[in-house]
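# Analysis of the macromolecular model
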Amino acid sequence: MPFPPRIHLDEAELGAVTGLIKRCMAGEATLDRYHGTQVDEFEREFAEYYSARYATGVSSGTGAVHAALAALDLDPGSEIVSSPITDAGAVMPILLQQCIPVFADAEPETLNMDPESLRERITPRTRAVICAHFAGQPCDMDPIMEIAQEHGLIVIEDCSQAHDAIYRGRKAGSIGHIAVFSLMADKHITAGGQAGMLITNDGDYYWKAKQFADRGKSLNSSEQRNIILGLNYRMTELDAVIGRCQLKKLPEFVARRRTYVDQVHEHIADLESVRPYRVIEGAESSWWFGLLRVDEERLTVSKRQFWQAVREEGVPCGDSYNAIIADEPVIRERRTFGRSGLPWTRDPHSAEPSEPQLPGARRALDTHIAFRVHESLTEIEARDFGAALAKVEAEYLK
Ligand SMILES: Cc1ncc(COP(=O)(O)O)c(C=O)c1O
């Protein structure tokens, strides 16, 4: 049987969208957040969900990262330590703010930022850390916050892949100084297909982020001046009506993702070459996608060939999440602002580009395989997935 498609929209979103359009047709609502109520309500509900004092809706996760960095009002040349395995949307804004991304290494078993590597990357120019909670699992936030506090760094939690994940009893996103979320269509929940959210307890960061995402407009005073540099990253009312429906479904969606992954783990318990990937003590992943650790030593084929054979059994799965951003041409070849090499070349002592030293991240990607997880998958697919893995393992086990 083919694996079922993901269906996460229903009559609720349909009714919300048509309701909004009907209200617009009657002149009672707008699609832009100005003079609307939906984005305001969505922000309020989102903040409440994560127990944050403030939330501001934006047009993408990338925009949320950008607004978070802009809120810090950093001098050009400031260094921001980033997770090595993350999305380009979490790194481009660093460069656009004329700051320098510095990549910490990953823990090979979780693929998340290694706190010890974070410590090693800190220099007198380091100002902030962006830690991506990869694939649904929170980073080890206690040591990260401790190191940040020691060095006076601001921590931005990137929860784009980890909505509703838990770290030692707290929701991921409620631990650092600012948290950002992507609400694009493939994430745990969406708002209109593309959108993002930023949350914080700090009023200054909140207002600066909000102003930045609306062309630097004052917003918190009657003054309609452009008081800081900014872009237009405004969320629309259409995004927000969908987002509000999706937020109500989030606990159920995440519960179904967890159940599915538990079922997959049960079905692979007897395998010799494949095992669940490591979730750290006290963390509960919300499984944006699943990861399995493959022991190539036990196989007569490479991880890639093994996974290709599983895919040929009809299981939707990838080789790995191949995203060491430091390897991308934009970073490696410094393809930023014309031929200037900025922001790296601001510092006359800046080193030439060199091979990124990320052995943990490379080992992590070499030893794991990714599989699709969503709320429409059931025990049947978990069993079929387990059976496909068992069949392929039987063929290639040493
Ligand atoms: C960790 C992380 N940060 C940021 C982003 C960017 O989000 P968006 O695609 O909504 O701009 C993504 C997108 O996948 C992501 O995974």
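Above this text sits the structure in question.
Notes on the structure in this doc start here. What you see is a predicted model; the values in this text were computed from it and never measured.

### Quick look at the overall build of the chain
Scanning the chain for helices and strands turns up 12 helices and 14 strands. Taken over the C-alpha trace, the chain has a radius of gyration of 22 Å; the compact-globule value for 398 residues is 21 Å, and the two agree within 12%. Referenced to the eigenvectors of the C-alpha coordinate spread, the extents of the chain come out at roughly 70 × 60 × 40 Å. Counting every position in the chain, which comprises 398 residues, the buried fraction comes to 55%. Considering only contacts within the chain whose residues lie at least 6 apart along the sequence, 70% involve residues at least 24 apart. In the form shown here, the chain has an accessible surface area of approximately 17400 Å², with 50% of it arising from carbon and sulfur atoms.

### Remarks on the packing of helix α8 (residues 237-267) against helix α12 (residues 379-396)
Closest axis-to-axis distance for the α8/α12 pair is 8 Å, and the angle between their directions is 35°. You can see that α8 and α12 cross each other, and the crossing is right-handed. In this structure, α8 uses Y260, Q263, V264 and H267 to contact α12, whose residues at the interface are E379, E381, A382, R383, F385 and G386. Partitioning the contact of α8 with α12 into residue classes produces 4 nonpolar, 3 polar and 3 charged.

### Brief notes about the packing of aromatic side chains
How two aromatic rings sit relative to each other is set out by the distance from centre to centre and by the angle between their planes. For the coordinates displayed, the defined rule picks out 13 aromatic pairs. Seen in terms of ring centroids, Y54 and Y206 are 4.6 Å apart; in terms of plane orientation they differ by 15°. Their pairing is stacked. Of this pair, Y54 sits in strand β1 (residues 54-58) while Y206 sits in helix α7 (residues 203-212), and the two are 152 residues apart along the sequence. Given a relative accessible area of 10%, Y206 falls into the buried group. Among the aromatic residues, those joined into a ring-pair cluster are F42, F46, Y49, Y50 and F181. Lying across the ring of Y34, R234 places its NZ or CZ 4.5 Å from the centre.

### Looking at the site of the ligand
The local shell around the ligand consists of S60, G61, T62, T86, D87, A90, D158, S160, Q161, S182, M184 and K187. A distance of 2.6 Å separates a nitrogen atom of the ligand from a polar side-chain atom of D158. Contact distances for the ligand include 2.8 Å between an oxygen atom and a side-chain N or O atom of Q161. For the ligand, whose free accessible area comes to 380 Å², the fraction covered by protein is 91%. When the residues that make up the shell around the ligand are grouped by side-chain class, the tally is 2 nonpolar, 7 polar and 3 charged.

### Considerations on the pattern of salt bridges
Counted under the stated rule, the structure contains 32 salt bridges. Linking R383 and D384 is a salt bridge whose minimum nitrogen-to-oxygen distance equals 3.4 Å. Salt bridges sharing common partners tie together R6, D186, R257, R372 and E375.

### Considerations on the environment of S286
Checked against the element boundaries, S286 lands in the loop between β11 (283-284) and β12 (289-294). Residue classification places S286 among the buried residues on the basis of a relative accessible area of 0%. For the pair S286 and H188, spaced 98 residues apart in sequence, the C-alpha to C-alpha distance is 8.4 Å. Among the polar contacts listed, one links the side chain of S286 to the backbone oxygen of H163, at a separation of 2.8 Å.

### Details of the sheet that holds strand β7 (residues 170-171)
Spatially, the 3 strands line up as an open sheet ordered β7-β6-β11, and their pairing is antiparallel. Bordering the open sheet on either side are β7 and β11, each of which pairs with just one other strand. Here 2 bridges tie strand β6 (residues 166-167) to β7, and the two strands are oriented antiparallel to one another. The residue bridging Y167 from the neighbouring strand is R170, located in β7.

### Topic: the nonpolar core
Buried together is how nonpolar side chains tend to be arranged in soluble globular proteins. F306, W307, V310, F385 and L389 are the most contacted members of the largest nonpolar core, which has 52 residues in total. It is α12 that provides the largest number of residues to this core, a total of 5 residues.

### What to know about the pairing of strand β5 (residues 154-158)
Taken residue by residue, a regular strand's side chains alternate between the two faces of the sheet. Summarising burial for β5: 5 of the 5 residues are buried, a large majority. Here β5 shows no split at all, with I154, I156 and D158 on one side and V155 and E157 on the other all buried. Of the strand pairs in this sheet, strand β4 (residues 126-132) and β5 are connected by 5 bridges, and their pairing is parallel. Opposite A128, over in β5, you have I154 as the bridge partner. A crossover links β4 with its parallel partner β5, the connecting element being helix α6 (residues 141-151), and its sense is right-handed. One ladder, built from 3 bridges, connects β5 with strand β8 (residues 178-182); its direction is parallel. Bridging from a neighbouring strand, I156 pairs with I178 of β8.

### Comments concerning α12
For α12, spanning 18 residues, the distance from its first C-alpha to its last is 26 Å, which sits close to the expected 26 Å at 1.5 Å a residue. Considered for burial, the residues of α12 that qualify are E381, A382, F385, G386, A388, L389, V392 and E393. End-on, the buried residues of α12 take up no more than an arc of 160°, which puts them together on one face. Exposed and oriented more than 90 degrees from the buried face of α12 are A394 and E395.

### Digging into the layout of surface pockets
In this structure, the largest pocket occupies an estimated 700 Å³ of space. In terms of lining residues, the largest pocket is bounded by 25 residues, among which I100, P101, R334, W344 and S354 are the most central. Among the elements that take part in the lining of the largest pocket, strand β3 (residues 100-103) stands out by supplying 4 residues, more than any other. Split into classes, the residues belonging to the lining of the largest pocket amount to 11 nonpolar, 5 polar and 9 charged.

Cut-off values and rules
- Residues numbered from 1 in each chain as written.
- Predicted model: local features only at pLDDT ≥ 70, side-chain atom pairs only at ≥ 80, totals over all residues.
- Heavy atoms only, no water.
- Helix = DSSP H or I, 4+ residues; strand = E, 2+ residues; numbered from the N terminus.
- Rg over C-alpha atoms; globule rule 2.2 N^0.38 Å.
- Buried < 20%, exposed > 50% of the residue type's maximum accessible area, 1.4 Å probe, protein only.
- Contact = heavy atoms within 4.5 Å.
- Areas by Shrake-Rupley, 256 points an atom, 1.4 Å probe, with all protein chains shown as cover.
- Axes fitted to C-alpha atoms, helices over the stretch in contact; angles between N-to-C directions.
- Left-handed = near helix turned anticlockwise from the far one by under 90°.
- Nonpolar A, V, L, I, M, F, W, Y, C, P; charged D, E, K, R; others polar.
- Phe/Tyr/Trp six-rings, centres within 6.5 Å; stacked < 30°, edge-to-face > 60°.
- Lys NZ or Arg CZ within 6 Å of the ring centre and 35° of its normal.
- Near = heavy atom within 4 Å.
- Polar contact = N/O pair within 3.5 Å; in protein donor to acceptor, adjacent residues only side chain to side chain.
- Salt bridge = Lys/Arg side-chain N within 4 Å of Asp/Glu carboxyl O.
- Pairing = 2+ DSSP bridges.
- Core = buried A, V, L, I, M, F, W, Y, C linked by side-chain atoms within 4.5 Å.
- Right-handed = clockwise from strand over helix to strand, strands pointing away.
- Expected span 1.5 Å × (residues − 1).
- Arc of directions from axis to C-beta.
- 1 Å grid on protein atoms, 1.4 Å probe; cavity = no way out; pocket = protein on both sides within 12 Å on 5 of 7 lines; lining within 4 Å.
- Points joined across faces, edges and corners; volume = space filled by probe spheres on them.

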